[in-house]
Amino acid sequence: MKNRWLWGRLFSSIGVLAAVLVLNFILFRIMPGDAVSTIIDPNFSPEAKDRLRELYGLDKPLLEQFFIYIKQMLTFSFGLSFLSRKPVWDELLSRLPGTLFLMAASMFLSSALGIWLGIKAALNRGKLAERIVLRAGAVTASFPGFFVQLVLIMLLARTFSIFPLRGSVSIPQPTGSISVMLDYLWHMALPILSLTLMGFGGWALYVRNLMVKALGEDFVLMARARGLSENRVIYGHAFRTILPPILTILLMSVPGLVSGAVITESVFSLHGVGTFLLEAVSGHDYPSAGAAFYMLALITVISNLLADVVYGLVDPSVRVGGRDQ
């Protein structure tokens, strides 16, 4: 039963990824504009135009282009960019660490802050602390992300000049590895802060509701009756029981962070996969756009699969169809 459940989740994830690949291939070819005009100058000779068409596979039938595209995606051989004429994989490798750092740092900070505030709110029911957390969570969830980021840029980058206005590094770059690292962290601080502010409220509300329910369970009352310290009751018993759904939500929040990273990189002009994707779409760069979408979809599908697996491991009733077998 466990193996059947796991294989079912795996095949479902493969099906989603296959659908993404097909849609990527179709959408980029029905978009307005022409990829040929992007890479072929009108002044080129007919021989040069034919050579470029052959180089990028544009002279082949659409079905054959599709199979070439699928092979490239599965082997991570994404070909050459129409715009930069460089290997797409090299372009992605230079940008992927920045996107992953942005996502990981914002997810860690927003979840840690939200979990801490959610616990504090649950322990102070009916008090001012709980009302502040509830209102802060509602306010942060009500504003569009790009609006919050533009306000932060206006206040903290343009008005007070605390953070850089845009970019991932200063121009000219500082010398020395430590100076380069500090300069990069300085540029990333405001984007990470914006994603943290937009994400912690949902975590706080979710954890607060889970903790309120857990603190009312009989095992918590029994732990207090045994004379255990309050910290041990809260973190060793109540919080421990809500860890499984928290881990699941943590993994399921990755797709939202992926879309948030694309918008954030565009707003702050960061050197990441998000800006690479937007540039490729606007320039009809099929190899680059398809590869960027594929990488982001791969991260999303793997995260959802891991969330299913983790939830199935901590809750056996899920993987056996709700029956305790």
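Residues numbered from 1 in each chain as written. Predicted model: local features only at pLDDT ≥ 70, side-chain atom pairs only at ≥ 80, totals over all residues. Heavy atoms only, no water.

K.L.:
Talk me through the packing of helix 7 (residues 145-159) against helix 8 (residues 177-215); I want residue IDs and the actual numbers.
P.N.:
For any two helices packed against each other, the geometry is given by the interaxial angle and the distance between the axes. For the pair helix 7 and helix 8, the least separation of the axes is 10 Å and the interaxial angle reads 135 degrees. Looking at the two axes, helix 7 sits oblique to helix 8. The two elements helix 7 and helix 8 meet at a crossing, and its hand is right-handed. Contacts from Gly 145, Val 148, Gln 149, Leu 152, Ile 153, Leu 156 and Ala 157 in helix 7 reach Leu 190, Leu 193, Ser 194, Leu 195, Leu 197 and Met 198 in helix 8. Here the contact of helix 7 with helix 8 is built from residues that sort into 10 nonpolar, 3 polar and no charged. (Axes fitted to C-alpha atoms, helices over the stretch in contact; angles between N-to-C directions. Helix = DSSP H or I, 4+ residues; strand = E, 2+ residues; numbered from the N terminus. Parallel < 35°, antiparallel > 145°, perpendicular 65-115°, else oblique. Left-handed = near helix turned anticlockwise from the far one by under 90°. Contact = heavy atoms within 4.5 Å. Nonpolar A, V, L, I, M, F, W, Y, C, P; charged D, E, K, R; others polar.)

K.L.:
I'd like a description of the pattern of salt bridges, backed by residues and values.
P.N.:
Where charged atoms from two side chains of opposite charge come close, those side chains can pair. Taken as a whole and judged by the stated rule, the model has 3 salt bridges. The closest approach of N and O atoms between Glu 230 and Arg 224, which form a salt bridge, is 2.7 Å. (Salt bridge = Lys/Arg side-chain N within 4 Å of Asp/Glu carboxyl O.)

K.L.:
Please provide a residue-by-residue account of a nonpolar patch on the surface, values included.
P.N.:
Taken together, the side chains of Val 139, Phe 143, Phe 146, Phe 147, Leu 150 and Ile 263 present a nonpolar region at the surface, about 560 Å² in accessible area. The element contributing the most residues to the nonpolar patch is helix 7, with 3 residues. Tracing the backbone shows Leu 150 in helix 7. What makes Leu 150 partly exposed here is its relative accessible area of 47%. (Patch = residues over 30% accessible without salt bridge, like charges linked within 9 Å, V, L, I, M, F, W, Y side chains within 5 Å. Areas by Shrake-Rupley, 256 points an atom, 1.4 Å probe, with all protein chains shown as cover. Buried < 20%, exposed > 50% of the residue type's maximum accessible area, 1.4 Å probe, protein only.)

K.L.:
Tell me about unusual backbone geometry, and name the residues and values.
P.N.:
A positive phi is found at Phe 76, a non-glycine position, where the angle reads about 60 degrees. With respect to the element layout, Phe 76 can be found in the loop between helix 4 (62-75) and helix 5 (88-123). What makes Phe 76 partly exposed here is its relative accessible area of 31%. Residues other than glycine seldom take positive phi values, yet Ser 161 does so here, at roughly 55 degrees. Along the polypeptide, Ser 161 turns up in the loop between helix 7 and helix 8.

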